[in-house]
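# Breakdown of the fold
Residue strings, one per chain:
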Amino acid sequence: MTDHPMLALEHVGLRIGGARILHDVSLEVRTGEMLGVIGPNGAGKTTLFNVISGVMKPTEGVVALDGRDVTGEPIHRRAAAGLGRTFQTSSLFPALSVLENVRLAAQAHAGGATSVLRMPRRTDAATEAAFAALAEVGLADRADAEASGLAHGEKRKVEIAMLIAMNPKVVLLDEPMAGVASGDVPAITEVIRGLHRGGRTVLMVEHHMDVVLGLVDRVAVMHHGELLAADTPEAVMANPLVQSAYLGEAV
Ligand SMILES: Nc1ncnc2c1ncn2[C@@H]1O[C@H](COP(=O)(O)OP(=O)(O)OP(=O)(O)O)[C@@H](O)[C@H]1O
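Residues numbered from 1 in each chain as written. Predicted model: local features only at pLDDT ≥ 70, side-chain atom pairs only at ≥ 80, totals over all residues.

The name an unreviewed UniProt entry gives the chain is ABC transporter ATP-binding protein, with Agromyces allii as the organism.

Now the structure itself:
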């Protein structure tokens, strides 16, 4: 067991121009923990993910990954250190097959390449990793399908398979249920549960409260760029600060 958290934010702040986007956010996420991040629109959830993944550099504070200060490191260094992320918008290459999309992720990871323009050669290992990732999300039988023809829920699963193929220690999921038909929500929920069972540390921004509360160990509540609470779902729902500041607001 490690004696440090897998992910730690210490007094993280972000100012853009005169605007205070994040303020004094301190949060520790244990190895293997699943944390939900909730809050009204504009609360700073995506910005928090941007600061963790290296898309944005905080103007104050420290981000540590597996005990190492990564605050000044670019995205690809954090990815190589085991940080994986999905985005709100689809990141698939529509004209490629499901397998090719996932294999690209595996190859980019194995070769350290961050761009398809510098793509390393196809390897059997990458194909194996891609098939294993597709099997984990239950899409092995769709390997040859063109990505553009997939249903929304299937696209989300492929994106998660791409993450798995990169063998991350920490996974950031940004609204995995966005645009997913309600009938597909249970299947995606199971895929996320599987990610967690595999020993990965998972952080998830999600507006579907029932999904979040049913999945996570703890919930972090953002409001106006601050962390209001980080506690079990039961404790967070019972927290009067959260009730008045978050649940009282239209989302
Ligand atoms: N690059 C930027 N420049 C200026 N303001 C920004 C920038 N990025 C985010 N913001 C502002 O910071 C605030 C937080 O935005 P963010 O997207 O992190 O919120 P969110 O909680 O993810 O919202 P949503 O639930 O709508 O996705 C918003 O007021 C947004 O307008």
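More follows now that the structure is in view.
A few words on the nonpolar core. Membership of the largest hydrophobic core comes to 70 residues, with the highest contact counts inside it found for V102, A161 and A165. Setting aside residues up to four positions removed in sequence, A165 forms contacts with V102, A105, A106, H109, A129, A130 and A133. (Core = buried A, V, L, I, M, F, W, Y, C linked by C-beta atoms within 7 Å. Buried ≥ 20, exposed ≤ 12 C-beta atoms within 10 Å, placed from the backbone. Contact = placed C-beta atoms within 7 Å.)

This part takes up the sheet that holds strand 3 (residues 34-38). Ordered in space as 6-7-8-3-9-10, the six strands form an open sheet in which the pairing is mixed. In this open sheet, the two strands that pair with only one neighbour each are strand 6 (83-85) and strand 10 (226-231). Across the sheet, the mean angle separating the axes of adjacent strands is 15 degrees when strand polarity is ignored. Direction of pairing for strand 3 relative to strand 9 (residues 218-223): parallel, over a ladder of four bridges. Bridged to I38 within strand 9 is V221. Packing against the sheet, helix 6 (residues 185-197) makes contact with strand 3, strand 7 (170-174) and strand 8 (201-205), and its axis sits at approximately 150 degrees to strand 8. (Pairing = 2+ DSSP bridges. Helix = DSSP H or I, 4+ residues; strand = E, 2+ residues; numbered from the N terminus. Axes fitted to C-alpha atoms, helices over the stretch in contact; angles between N-to-C directions.)

Turning to the site of the ligand, a few remarks are in order. Every residue lining the ligand is accounted for by I16, A19, I21, G39, N41, G42, A43, G44, K45, T46 and T47. Secondary-structure elements contributing two or more residues to the shell around the ligand are strand 2 (19-29) and helix 1 (45-53). Tallying contributions element by element places helix 1 first for the shell around the ligand, with three residues. Residue composition of the shell around the ligand, by class: four nonpolar, six polar and one charged. (Near = placed C-beta within 6 Å. Nonpolar A, V, L, I, M, F, W, Y, C, P; charged D, E, K, R; others polar.)

Bringing the sheet that holds strand 5 (residues 68-69) into the picture now. Reading across the sheet, the four strands line up as 2-1-4-5 and stay open at both edges, with antiparallel pairing between neighbours. Of all the strands in the sheet, just strand 2 and strand 5 have a single pairing partner and so form its edges. Each of strand 1 (7-16), strand 2 and strand 4 (60-65) touches helix 1; the most contacted strand, strand 2, lies at about 65 degrees to it.

Let's shift gears to the pairing of strand 7. Where burial is concerned, most of strand 7 is hidden: five out of the five residues are buried. Side chains V170, L172 and D174 of strand 7 all project onto a buried face; the interleaved residues V171 and L173 project onto the opposite face, where all are buried too. Here strand 6 runs beside strand 7; their pairing, made up of three bridges, is parallel. Counterpart to L83 in the pairing with strand 7 is V170. One ladder, built from five bridges, connects strand 7 with strand 8; its direction is parallel. What sits directly across from D174, in strand 8, is V205. On the question of chirality, the crossover connecting strand 7 to the parallel strand 8 by way of helix 6 is right-handed. (Right-handed = clockwise from strand over helix to strand, strands pointing away.)

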